[in-house]
Amino acid sequence: MHKITHKEQMTDWAIGQANTAYAQYFIGASYLNPYKASQISISNVTFDPGCRNNWHIHHNVEQTLVVVSGLGIYQEWGKDPVLLKPGMVVAIPPEVKHYHGAIADSYMQHLAITPNNIPNASNEWLEEVDDAAYQKAHEQLGLK
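Residues numbered from 1 in each chain as written. Predicted model: local features only at pLDDT ≥ 70, side-chain atom pairs only at ≥ 80, totals over all residues. Heavy atoms only, no water.

Q: Break down the packing of aromatic side chains for me, with residues and values.
A: Summed over all chains, the structure comprises 6 aromatic pairs. Measuring from ring centre to ring centre gives 4.9 Å for Trp55 and Trp77, while their planes differ by 80 degrees; the resulting arrangement is edge-to-face. Residue Trp55 is located in the loop between β5 (52-53) and β6 (56-59), and its partner Trp77 is located in the loop between β8 (72-76) and β9 (82-84); the two are separated by 22 residues in the primary sequence. For Trp55, a relative accessible area of 7% puts it in the buried group. Ring geometry for Trp55 against Tyr99: centres 5.0 Å apart, planes inclined by 75 degrees, an arrangement best described as edge-to-face. Taken together, the residues span a long stretch of sequence, with Trp55 in the loop between β5 and β6 and Tyr99 in strand β11 (residues 98-102) at a distance of 44 residues. Assigned by exposure class, Trp55 and Tyr99 land together as buried. Through successive ring pairs, a cluster of aromatic residues spans Tyr22, Tyr25, Phe26, Phe47 and Trp125. Over the ring of Tyr134 we find Arg52; its NZ or CZ atom is 4.0 Å from the centre of that ring. Against the face of Trp77 rests Lys97, its NZ or CZ located 3.5 Å from the ring centre. (Phe/Tyr/Trp six-rings, centres within 6.5 Å; stacked < 30°, edge-to-face > 60°. Helix = DSSP H or I, 4+ residues; strand = E, 2+ residues; numbered from the N terminus. Buried < 20%, exposed > 50% of the residue type's maximum accessible area, 1.4 Å probe, protein only. Lys NZ or Arg CZ within 6 Å of the ring centre and 35° of its normal.)

Listed below in structure tokens is the structure:
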């Protein structure tokens, strides 16, 4: 597995600025580099080691994640976690409660792709992924 322990080892994708707009929905530090076109939004999200977002649901819209560097976790409510590696693509259907973020000892960077102009599309932020649930996901994936 390719763990990235320093930001300098990341890909050429620009890290962006501190993710202050959504910081209340993340445990740990993350960085956001957004691009919004007329039909699609693409946000490069960089997670510090151990950073993950809260459980959340995308209503009426699918989100696609493309992992570009590091290692991370994606988990849907009630399902086993998935280890995210560079090159992986995760299509998240509407109405699925989930979270994603970096593993404890690696940065992780993904592109979050969402169509624009979808009627009644919204994002509902829910409870934090507490340390116990995060640690359990690591154990299920065979990580420390």
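Q: Tell me about the nonpolar core, residues and numbers included.
A: Within the largest apolar cluster, 15 residues are counted, with the highest numbers of intra-cluster contacts made by Phe47, Leu65, Tyr74, Leu84, Val90, Ile92 and Met108. Elements with a contribution of two residues or more to this core: β4 (40-47), β7 (63-70), β10 (89-92) and β12 (108-115). Setting aside residues no more than four positions away along its own chain, Leu84 makes contact with Val67, Gly70, Leu71, Gly72, Ile73, Tyr74, Val90 and Met108. Within the second largest apolar cluster, 10 residues are counted, among which are Trp55, Leu71, Val129 and Leu143. (Core = buried A, V, L, I, M, F, W, Y, C linked by side-chain atoms within 4.5 Å. Contact = heavy atoms within 4.5 Å.)

Q: Could you give an account of the pattern of salt bridges, naming the residues involved and the relevant values?
A: Evaluated as defined, the whole model comprises 3 salt bridges. Of the charged contacts in the structure, one is a salt bridge between Arg52 and Asp131, with a shortest N-O distance of 2.7 Å. Placement of the pair is Arg52 in strand β5 and Asp131 in helix α1 (residues 131-140), with a sequence separation of 79 residues. The partner of Glu76 in a salt bridge is Lys79, and the shortest N-O contact between them spans 3.2 Å. (Salt bridge = Lys/Arg side-chain N within 4 Å of Asp/Glu carboxyl O.)

Q: Pulling in residues and values, what's your account of the side chain of Asn44?
A: Within the secondary structure, Asn44 is located in strand β4. Asn44 sits in the buried class, given a relative accessible area of 4%. Apart from the residues within four sequence positions on either side, Asn44 is in contact with Trp13, Ala14, Ile15, Tyr31, Leu32, Asn33, Gln109, His110 and Leu111.

Q: Tell me about the sheet that holds strand β3 (residues 30-36), residues and numbers included.
A: Read across the open sheet, the 6 strands follow the order β1-β3-β4-β12-β7-β10; overall the sheet is antiparallel. For this open sheet the edge positions go to β1 (17-18) and β10, each flanked by a neighbour on one side alone. Sheet topology note: the β7/β12 ladder contains 6 bridges and is antiparallel. By the bridge assignment for β12, Leu65 is matched with Ala112. (Pairing = 2+ DSSP bridges.)

Q: Would you mind going over α1 in detail, with residue names and values included?
A: All of the buried residues along α1 are Tyr134, Ala137 and His138. When α1 is viewed along its axis, its buried side chains cluster within an angular range of 100 degrees and face the same direction. Relative to its buried face, α1 has exposed residues pointing more than 90 degrees away, namely Ala132, Lys136 and Glu139. Residues of α1 that are buried make contact with β5, β8 and β11. Of the residues one or two after α1, Gly142 is the one with positive phi, at around 75 degrees. (Arc of directions from axis to C-beta.)

Just geometry here; none of it tells us what the structure is for.
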